[in-house]
Amino acid sequence: MPRPLGELEDAVMSRVWEWNRPVTVREVLEDLRRERSIAYTTVMTVLDNLHQKGWVRREQEGRAYRYEAISTRAAYSAALMNDAWSESDNAAAALVAFFGMMSAEQTEALRDALRVVDVAGVQVAAPEGEVVAPEAEGEGSQR
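What counts as what
Within any chain, residue numbers begin from 1 and follow the written order of that chain's sequence. This being a predicted model, a pLDDT of at least 70 is required before a residue's local features are given, and a value of 80 or more before pairs of side-chain atoms are given or counted; all residues contribute to the totals for chains, interfaces and linings. Side-chain descriptors were evaluated using all non-hydrogen atoms of the structure, hydrogens and water having been removed beforehand. UniProt positions are given in the numbering used here, feature names are shortened, and annotations may be inferred rather than shown by experiment. pLDDT expresses, on a scale from 0 to 100, how confident the predictor is about each individual residue. Only DSSP runs of H or I covering at least 4 residues are called helices, and only runs of E covering at least 2 are called strands; the numbering of each starts at the N terminus. Note on definitions: a residue-residue contact is assigned when non-hydrogen atoms from the two residues lie within 4.5 Å. Residue exposure (1.4 Å probe, protein chains only): buried if accessible area is under 20% of the type maximum, exposed if over 50%, otherwise partly exposed. For two strands to be treated as a pair, DSSP must find at least two bridges joining them. Only protein atoms enter the 1 Å grid used here, on which a cavity is any set of points holding a 1.4 Å probe that cannot leave and a pocket is any open set flanked by protein within 12 Å on both sides along at least five of seven lines; residues with an atom within 4 Å of a point are listed as lining. Grid points are joined across faces, edges and corners, and a volume is the space filled by probe spheres set on the points. Side-chain classes are defined by residue name, with Ala, Val, Leu, Ile, Met, Phe, Trp, Tyr, Cys and Pro counting as nonpolar, Asp, Glu, Lys and Arg as charged, and the others, Gly among them, as polar.

- Looking at an unreviewed UniProt entry, one finds the chain named BlaI/MecI/CopY family transcriptional regulator, with Streptomyces litchfieldiae as its source organism.
- We quote the UniProt Sequence similarities (unreviewed entry) comment for the chain here in full: "Belongs to the BlaI transcriptional regulatory family."

Structure follows, in structure tokens:
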């Protein structure tokens, strides 16, 4: 499980994930400078640390490197959620509490995710008022 990214690491990785292409220290620096005063060497050190931690790969181009994300933001978020959940002494209670904190938009995203994953034995109820087509004869049923 990855350690949570620090504030500056997250700011740098957010750009790498958003741009979804190899980036240079200079590109990240220029974008970060829109929000804060920061030195080139600081950004270079953060990207080097992210490389050593396995978050980015790098390829030398001239005297500089281009950095590219190894994993996605979604995979990072999922790993953090899984780690937090696995540390609970009552997984069911942790999920109930988590679901209780969810916004309507997050609840809909959960419904969509469960439809995609098709978790065995879990039925996803349609939101109130939504019509769900019955399964065709013979599909999904055993007689």
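**Some remarks on the confidence of the model for the chain**
Close reading of the predicted structure is inappropriate where its pLDDT is low.
Here is step 1 of the chain: When pLDDT is averaged across the chain, the result is 85; 81% of the residues are at 70 or more.
Here is step 2 of the chain: Mean pLDDT in the chain bottoms out at helix α6 (residues 104-117), which sits at 86, and peaks at helix α2 (residues 25-32), which reaches 98.
Here is step 3 of the chain: Throughout residues 133-143 the model reports pLDDT below 50, and contacts reaching past four residues in sequence, or to other chains, amount to three contacts.

**What to know about unusual backbone geometry**
Here is step 1 of the chain: Notably, Asn20 is not glycine yet its phi reads approximately 50°, a positive angle.
Here is step 2 of the chain: Relative to the helices and strands, Asn20 resides in the loop between α1 (7-19) and α2.
Here is step 3 of the chain: The exposed category is assigned to Asn20, whose relative accessible area is 68%.

**A word on the pairing of strand β2 (residues 64-69)**
Here is step 1 of the chain: Across six bridges, strand β1 (residues 56-61) lies against β2 in antiparallel orientation. If you follow Glu59 over to β2, its bridge partner there is Arg66.
Here is step 2 of the chain: Linking two consecutive strands that pair antiparallel, namely β1 and β2, is a turn of two residues; a positive phi of about 70° is found at Gly62 within it.

**Notes on the layout of surface pockets**
Empty pockets left among the atoms are what a rolling probe the size of a water molecule brings to light.
Here is step 1 of the chain: Reported here for the largest pocket is a volume of approximately 500 Å³.
Here is step 2 of the chain: Forming the walls of the largest pocket are 17 residues, and the residues nearest its centre are Met81, Leu95, Phe98, Phe99 and Leu110.
Here is step 3 of the chain: Of all the elements in the fold, those that place two or more residues in the lining of the largest pocket are α4 (73-86), α5 (91-101) and α6.
Here is step 4 of the chain: Among the residues forming the lining of the largest pocket, the class breakdown is 16 nonpolar, one polar and no charged.

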